[in-house]
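Chain residues, written in single-letter form:
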Amino acid sequence: MAVQISPSILSADFARLADEAAAVPNADWLHVDVMDYHFVPNLTLGLPVVESLRKATSLPLDCHLMIEDPDRWAPAYAEAGAGSVTIHAEAAKAPVRTLRQIRSLGARAALALNPGTAVEPYEGLFGEIDMLLLMTVEPGFGGQEFLDMVLPKIRTARSLVERHGGQIWIQVDGGVTTETIERVAEAGADVFVAGSAVYGASDPSAAVDALRAQAETVTG
Ligand code: DX5
Ligand code: ZN
């Protein structure tokens, strides 16, 4: 299980996104939070910004769609060059079709679950996904407090993933900091989104290294 760090540009300066991406060359991904004011009570950015970001950085884009109609919009993010496209289980009406479209367009397909959504009902979709995102805050805003109540679900997800061959990555998003990352790594996560812990730091690149080092102490 290799540790991967995906800094979230939600906590970056939106007027300087190219520079903010360049500030974390040691990251594995750049996490891009797409919010539509409907699925979550916040509004961020959409396709035009992703298309521009694609050209502005060599980091692969990890697009997290917090939008009401992912079936309609997700394929366009794969076409725009996202390396990974995540849709929410709570929003998708045709997840099998949408996840297959994402993959057929060359991106990794991922399914996200809010803190209150159980993982077991989605085991049937494991053949369709490359990553499972377990939210450790209610989606919508950066800088919220990590929800420890999600830890048992991460453990459950890890054992389900192992039963399916262990290829699916488990990503966590929300409140991941140097205070909490060891707990989530120990529970079985391997891809860590961090917004305020990276872009709130005076040296974002050093923050990525510190988070990675801490997670690695647990995962070996
Ligand atoms: C929240 C977003 C997160 C957010 C995390 O809904 O999905 O990606 O940027 O921010 P932190 O790491 O500050 O909790
Ligand atoms: Zn996110």
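Residues numbered from 1 in each chain as written. Chains lettered and ligands numbered in written order. Predicted model: local features only at pLDDT ≥ 70, side-chain atom pairs only at ≥ 80, totals over all residues. Heavy atoms only, no water.

As annotated in an unreviewed UniProt entry, the protein chain carries the name Ribulose-phosphate 3-epimerase and comes from Nonomuraea rhodomycinica. Under the Sequence similarities (unreviewed entry) heading, UniProt states for the protein chain: "Belongs to the ribulose-phosphate 3-epimerase family." (UniProt positions renumbered as here; feature names shortened; annotations may be inferred.)

### Focus: the overall build of the protein chain
Helix and strand counts for the protein chain come out as eight helices and eight strands. A globule of 220 residues ought to have a C-alpha radius of gyration of about 17 Å, and the protein chain, at 16 Å, matches this closely. Scored against the burial criterion, the 220 residues of the protein chain give a buried share of 55%. Nonlocal contacts in the protein chain, meaning residues at least 24 apart in sequence, comprise 63% of its contacts between residues at least 6 apart. Accessible surface for the protein chain amounts to roughly 9,000 Å². Of this, 50% is attributable to carbon and sulfur atoms. One way to put it: in the protein chain the 15 positive side-chain charges average out to a point 6 Å from where the 29 negative ones average out. (Helix = DSSP H or I, 4+ residues; strand = E, 2+ residues; numbered from the N terminus. Rg over C-alpha atoms; globule rule 2.2 N^0.38 Å. Buried < 20%, exposed > 50% of the residue type's maximum accessible area, 1.4 Å probe, protein only. Contact = heavy atoms within 4.5 Å. Areas by Shrake-Rupley, 256 points an atom, 1.4 Å probe, with all protein chains shown as cover. Lys, Arg positive; Asp, Glu negative; His and termini not counted. Charge placed at Lys NZ, Arg CZ, Asp CG, Glu CD.)

### What to know about the pairing of strand 7 (residues 169–173)
In terms of residue burial, strand 7 counts as a mostly covered element, since four of its five residues are buried. Where strand 6 (residues 131–135) meets strand 7, five bridges bridge the pair, whose relative direction is parallel. Along strand 7, the bridge assignment pairs Leu133 with Gln171. One crossover worth recording links strand 6 to the parallel strand 7 by way of helix 5 (residues 151–163), and it is right-handed. Handedness of the β-α-β unit built from strand 7, helix 6 (residues 181–187) and strand 8 (residues 191–194) comes out right-handed. (Pairing = 2+ DSSP bridges. Right-handed = clockwise from strand over helix to strand, strands pointing away.)

### Observations regarding the site of ligand 1
Close to ligand 1 lie 20 residues; Ser8, Gly140, Asp173, Gly195 and Ser196 are nearest. Between ligand 1 and Ser8, the relevant distance is 2.7 Å, taken from an oxygen atom to a side-chain nitrogen or oxygen of the residue. Between His31 and ligand 1, the recorded distance is 3.3 Å, taken from a side-chain N or O atom to an oxygen atom. The protein chains hide 100% of the 380 Å² of surface that ligand 1 would expose on its own. (Near = heavy atom within 4 Å. Polar contact = N/O pair within 3.5 Å; in protein donor to acceptor, adjacent residues only side chain to side chain.)

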